[in-house]
Amino acid sequence: MGNIIEINDLCVNYRTQNQEKIYALRNLKLIIKKGETVAIVGESGCGKSTLAISLINLLPENAEVSGSIKIDGKEILDKNNKELQNVRGEKIGMIFQEPGASLNPIFSIKEQIEETIKFHKKISDKKILKDMSINLLREVGIKDAERIYESFPHQLSGGLQQRVMIAIALSLSPEILIADEPTTSLDVTVQAQIIELLNKLKKQRNLTTILITHDLHLALELSKRIIVIYAGEVVEDGYIKSEKDAEHPYTKALFEIIPDVIKKRKKFKIIKGELPDMKKIYERCNFSDRCNFVHEKCREISLELVRADKNYVRCLFPLKGRKK
Ligand SMILES: Nc1ncnc2c1ncn2[C@@H]1O[C@H](COP(=O)(O)OP(=O)(O)OP(=O)(O)O)[C@@H](O)[C@H]1O
Ligand SMILES: [Mg+2]
């Protein structure tokens, strides 16, 4: 199968008010195949959302971007807003963390779904618009779709709001669906339902699906391929099912802090230390200060993403594979 997303040497810096630079993404390379499902995992601040919004070229004004992002072979970083219209929405549908904030409180669900379809698909027949909207609401698992269609966002629970957001994202039949922390504001049962829905939709619609989350447990529910990012870099990329598949010490650490809902392991652990200063570029492993397996050499040179055992890792001393 062909590649639908090819990212090469992607660097994104944000300029702060006092003209400092935050290096949010650093020479990021990533290839995603058509129809593939991937989860992008990492702690808060490591660049996950920056990557998501780069994919629709919607970075804020204070961002500087270089490198290349090809969607279906076409470069999107040099396109203007008009040219990007059919990438945003029609090629790539996106859902975000706070469905309540993405929906406009003064318009009904009907108006919000239909506006999107009218604008992009140039359909104005009321009956067709209504049928399309109701079908979409049913497809995302809303049982009383006719009632929800007439409702306003504040009348819906967070879970229902997120389903509506997914319906809006699907209304333009995108090939790629990006979900950036789609369940963070929802309670655990609803989280599971949304992940189940994404699982169903990706199969039914043969979507290329990208789930972005800080929660490795959630990532494993949806995706076999796990891409771990740390301080703006991919540190591990491979097929990971459990802790024993982790080849980078950071991925192993992420497994150790999973609050295991099934085993009711309530104690919430964190990885010791914090992200390195994102305003600096270090000639060393970015994770070395927090790594349980650190070696002197790790603080002397910067690293490439290379194959260790089965996965690609950015580590001099991976947990499996390359000789020590
Ligand atoms: N508009 C902006 N202006 C300046 N700095 C920004 C901006 N957006 C993000 N950053 C910084 O860029 C880095 C990466 O942020 P990003 O939002 O991509 O991380 P994230 O992994 O999505 O985090 P979270 O899990 O909290 O959503 C952080 O240091 C953040 O503070
Ligand atoms: Mg984010």
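A quick note: this is a predicted structure, and the numbers were derived from the prediction, not measured. (Residues numbered from 1 in each chain as written. Chains lettered and ligands numbered in written order. Predicted model: local features only at pLDDT ≥ 70, side-chain atom pairs only at ≥ 80, totals over all residues.)

Next up on the list: the overall build of the protein. Along the protein, the regular secondary structure elements total ten helices and twelve strands. Its C-alpha radius of gyration of 21 Å places the protein within 12% of the 20 Å reference for a compact globule of 324 residues. Structurally, the protein occupies a C-alpha span of about 70 × 50 × 45 Å along its principal axes. Out of the 324 residues belonging to the protein, those deemed buried represent 38%. In the protein, of all internal contacts separated by at least 6 residues, the share reaching a separation of at least 24 is 63%. (Helix = DSSP H or I, 4+ residues; strand = E, 2+ residues; numbered from the N terminus. Rg over C-alpha atoms; globule rule 2.2 N^0.38 Å. Buried ≥ 20, exposed ≤ 12 C-beta atoms within 10 Å, placed from the backbone. Contact = placed C-beta atoms within 7 Å.)

Lining the immediate surroundings of ligand 1 are 15 residues, of which Tyr-14, Ser-44, Lys-48, Ser-49 and Thr-50 lie closest. If you list the elements that add at least two residues to the shell around ligand 1, you get β2 (21-33) and α1 (48-55). Looking at side-chain class alone, the shell around ligand 1 contains six nonpolar, eight polar and one charged residues. (Near = placed C-beta within 6 Å. Nonpolar A, V, L, I, M, F, W, Y, C, P; charged D, E, K, R; others polar.)

With the exception of glycine, the majority of residues adopt a negative phi angle, and the majority of peptide bonds are in the trans configuration. In this structure, Asp-72 takes a positive phi of about 50° despite not being glycine. Topologically, Asp-72 is positioned in the loop between β4 (63-71) and β5 (74-75). You can call Asp-72 partly exposed: it has 15 C-beta atoms within 10 Å. The backbone of Lys-122 sits at a positive phi, close to 55°, despite the residue not being glycine. Following the sequence through the fold, Lys-122 ends up in the loop between α4 (109-121) and α5 (126-139).

Here we take up the sheet that holds β2. The four strands are arranged β2-β1-β4-β5 in an open sheet whose pairing can be described as antiparallel. The open sheet has two edge strands with one neighbour each: β2 and β5. Pairing of strand β1 (residues 3-15) with β2 involves nine bridges; the strand directions are antiparallel. When the sheet's bridge partners are listed, Glu-6 is paired in β2 with Ile-31. Lying on the sheet, α1 is in contact with β1, β2 and β4; it crosses β2 at an angle near 60°. (Pairing = 2+ DSSP bridges. Axes fitted to C-alpha atoms, helices over the stretch in contact; angles between N-to-C directions.)

As a further point, take α5. The end-to-end C-alpha distance of α5 is 20 Å, a good match for the 20 Å that 14 residues give at a rise of 1.5 Å each. When we look at burial in α5, the residues that qualify are Ser-133, Leu-136 and Leu-137. Seen along its axis, α5 keeps its buried residues to an arc of 100°; they face one direction. Those residues of α5 that are exposed and aimed more than 90 degrees away from the buried face are Lys-127, Asp-131 and Asn-135. Looking at the buried side of α5, the elements it contacts are α4, α6 (145-150) and α7 (158-170). (Expected span 1.5 Å × (residues − 1). Arc of directions from axis to C-beta.)

Attention now moves to the pairing of strand β6 (residues 92-95). The alternating pattern of β6 places Ile-92 and Met-94 on one face and Gly-93 and Ile-95 on the opposite face, and all of these are buried. One ladder, built from four bridges, connects β6 with strand β7 (residues 176-180); its direction is parallel. By the bridge assignment for β7, Ile-95 is matched with Ala-179.

With that settled, consider the sheet that holds β6. Strand order in this open sheet of eight strands is β6-β7-β8-β3-β9-β10-β12-β11, and the pairing throughout is mixed. The strands lining the two open edges of the sheet, one partner per strand, are β6 and β11 (306-307). Relative to strand β9 (residues 225-230), strand β3 (residues 37-41) is paired through four bridges, and the arrangement is parallel. For Ile-40, the partnering residue across the bridge sits in β9 and is Ile-227. The strands touched by helix α10 (residues 249-256) are β3, β9 and β10 (233-239); relative to β9, the strand with the most contacts, the crossing angle is about 105°.

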